[in-house]
Amino acid sequence: MKSFKELGVKKDFIKALEALNITKPTEIQTNVIPLLLETKTDLIGQAQTGTGKTAAFGLPLLHSVDPSRKEIQALILCPTRELGQQIAKQLFRFTKFSDKIFTEAVYGGEKIDRQIGSLRRPTHIVVATPGRLIDLLKRKALSLSKVDTVVLDEADEMLSMGFKKELDQILDFVPQDANKWLFSATMPHTLKEIIKEHMAADAPRIEASSKKLVNENIQHKYFVCDEEEKLHVLVQFLKSQHKNRGIIFCKTKKATQYLSKQLIAKNIAVDAIHGDLYQKEREKVLRAFKKGNLQLIVATDIAARGLDIDALSYVVHFQLPESEAYYTHRSGRTARAGREGVSMAFVTAFERKKLMDYEKTLGISFERIR
Ligand code: AMP
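Residues numbered from 1 in each chain as written. Predicted model: local features only at pLDDT ≥ 70, side-chain atom pairs only at ≥ 80, totals over all residues. Heavy atoms only, no water.

Student: Explain the overall build of the protein chain here, please?
Tutor: Broken down by element type, the protein chain carries 14 helices and 14 strands. Relative to its length of 370 residues, the protein chain is compact, with a C-alpha radius of gyration of 23 Å against a globular reference of 21 Å. Each of the 370 residues in the protein chain was classed as buried or not, and the buried ones make up 54%. Sequence-distant contacts, at least 24 apart, represent 76% of the contacts inside the protein chain between residues at least 6 apart. Accessible surface for the protein chain amounts to roughly 18,200 Å². Of this, 49% is attributable to carbon and sulfur atoms. (Helix = DSSP H or I, 4+ residues; strand = E, 2+ residues; numbered from the N terminus. Rg over C-alpha atoms; globule rule 2.2 N^0.38 Å. Buried < 20%, exposed > 50% of the residue type's maximum accessible area, 1.4 Å probe, protein only. Contact = heavy atoms within 4.5 Å. Areas by Shrake-Rupley, 256 points an atom, 1.4 Å probe, with all protein chains shown as cover.)

Here it is in structure tokens:
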């Protein structure tokens, strides 16, 4: 498997990816990134959400933008406000260490005047839902005359939401020589019409196998409880696990230390690993855990990097992680080697929304336990 560097991704972007804990390219990224970096071409990618497709087109797109040119150079069309916001957020995160590239997301359901105002600022990339983009074009709120690349993300979804006419209009409107990169999970008949009409006949087609970033043997579940109740609910859950082994994740080392003390006070044998431990102490805890002398550890995301422990029945998210990529890494500690595993999140009513975001970006579904 190639690294992002071998795929041709610039150092600054790699640094930003690493900060998001994204280190190994997925299948679609491996196939798409070098192709789009090396050639000016149309492209048809068949890929579902949760395969890493946003970075697959997003990284080449960011490479293609010249930050010193203060004009819209790329347009990304997508079906919903949520997806639009997620794409913009990911692109923003990828540029953490490079020249700033400004992305604006515009979508229906929000005051158009606000968006017109935002578009007056220097903008390099626009992410838009098709209906709203047409409205904005009619009001001359933006110009697409310098657009080099148009991405159609989740094209099948856009069509099933009835956006065929809008897509035709927009694709007629952008410069003739702009490259079009289309991503879709399925290829319905109307989509084939769009491809035939607006894209190069010899556009390469890349299919990602349905293999998702998140292992499909993992059952994702959650409890809703208040902060004060969390410990009690966790203890009940741990008791139900009997001899099963697991990891509990917290966001900070302070939280791991505090939680492990609380659990020990409740007679639950546990140890914590976090960045402050000396290597020797860390190894001691890990050895005990690997050998099976210890059933349970509490860990931070960083400390758990590279842990390779088989036969973990569950992971607990006592606190949700910073980013979705960490959720993938955390939950990937269970269900190894074809086994089943449970990824259990403890969330407050307020945090539930984050789980819905995970469902969309990671292509998984959660079952509510309480
Ligand atoms: P997408 O399929 O583009 O919606 O991406 C789903 C999620 O996976 C996002 O939260 C990304 O940050 C994350 N992600 C993308 N590429 C990778 C990768 N190579 N390794 C781990 N996580 C990734």
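There is more to say after this.
Student: I'm lost on the packing of helix 13 (residues 324–331) against helix 14 (residues 352–362) in this one. Help?
Tutor: Axes are the key here: two packed helices are described by the angle between their axes and the distance separating the axes. Where helix 13 meets helix 14, the axes come as close as 10 Å, and the angle between the chain directions of the two elements is 80°. By the angle between their directions, the pair helix 13 and helix 14 is classed as roughly perpendicular. Contact residues: helix 13 offers Glu 324, Tyr 327 and Thr 328, while helix 14 offers Tyr 358, Thr 361 and Leu 362. In terms of residue class, the contact of helix 13 with helix 14 is built from 3 nonpolar, 2 polar and 1 charged. (Axes fitted to C-alpha atoms, helices over the stretch in contact; angles between N-to-C directions. Parallel < 35°, antiparallel > 145°, perpendicular 65-115°, else oblique. Nonpolar A, V, L, I, M, F, W, Y, C, P; charged D, E, K, R; others polar.)

Student: Would you explain helix 8 (residues 164–173) in this entry?
Tutor: For an α-helix, 3.6 residues make a turn, and residues three or four places apart therefore share a direction. For helix 8, the complete set of buried residues consists of Glu 166, Leu 167, Asp 168, Ile 170 and Leu 171. For helix 8, the elements touching its buried residues are strand 2 (74–77), helix 6 (130–138), strand 5 (149–152), helix 7 (155–160), strand 6 (179–184) and helix 9 (189–198).

Student: Quick question: what am I supposed to make of helix 9 here?
Tutor: Every buried residue of helix 9 is accounted for by Leu 191, Ile 194, Ile 195 and His 198. Along the long axis of helix 9, the arc covered by the buried residues comes to 100°, so they all point the same way. Away from its buried face, by an angle of more than 90 degrees, helix 9 presents the exposed residues His 189, Lys 192, Lys 196 and Glu 197. (Arc of directions from axis to C-beta.)

Student: Looking at this structure, how should I read the state of the cysteines?
Tutor: A disulfide bridge is the covalent bond that connects two cysteines by way of their sulfur atoms. This structure, assessed with the given rule, holds 0 disulfides. With no disulfide partner, Cys 225 has as its closest neighbouring cysteine sulfur the one in Cys 250, 13 Å distant. (Disulfide = S-S within 2.5 Å.)

Student: I tried to follow the site of the ligand on my own but got confused; where do I start?
Tutor: Taken together, 17 residues are adjacent to the ligand, and Lys 24, Gln 29, Gly 50, Gly 52 and Thr 54 come closest. Between the ligand and the protein, one listed contact pairs an oxygen atom with a backbone N or O atom of Gly 52 at 2.8 Å. Look at the ligand: alone it shows 490 Å² of surface, and the protein chains cover 95% of it. Contributing elements (two or more residues each) for the shell around the ligand: helix 3 (53–64) and helix 14. A breakdown of the residues in the shell around the ligand according to their chemical character gives 5 nonpolar, 9 polar and 3 charged. When residues are assigned to domains, the shell around the ligand turns out to be shared by domain 1 (4–208) and domain 2 (212–368), each giving three or more. (Near = heavy atom within 4 Å. Polar contact = N/O pair within 3.5 Å; in protein donor to acceptor, adjacent residues only side chain to side chain. Domains from an automatic or database assignment.)

Student: Where do I start with the environment of Lys 243 in this structure?
Tutor: Among the structural elements, Lys 243 can be located in the loop between helix 10 (230–240) and strand 9 (246–249). Judged by relative accessible area, Lys 243 falls into the exposed class, the value being 69%. In this structure, the C-alpha to C-alpha distance between Lys 243 and Ile 218, residues 25 residues apart in sequence, is 19 Å.

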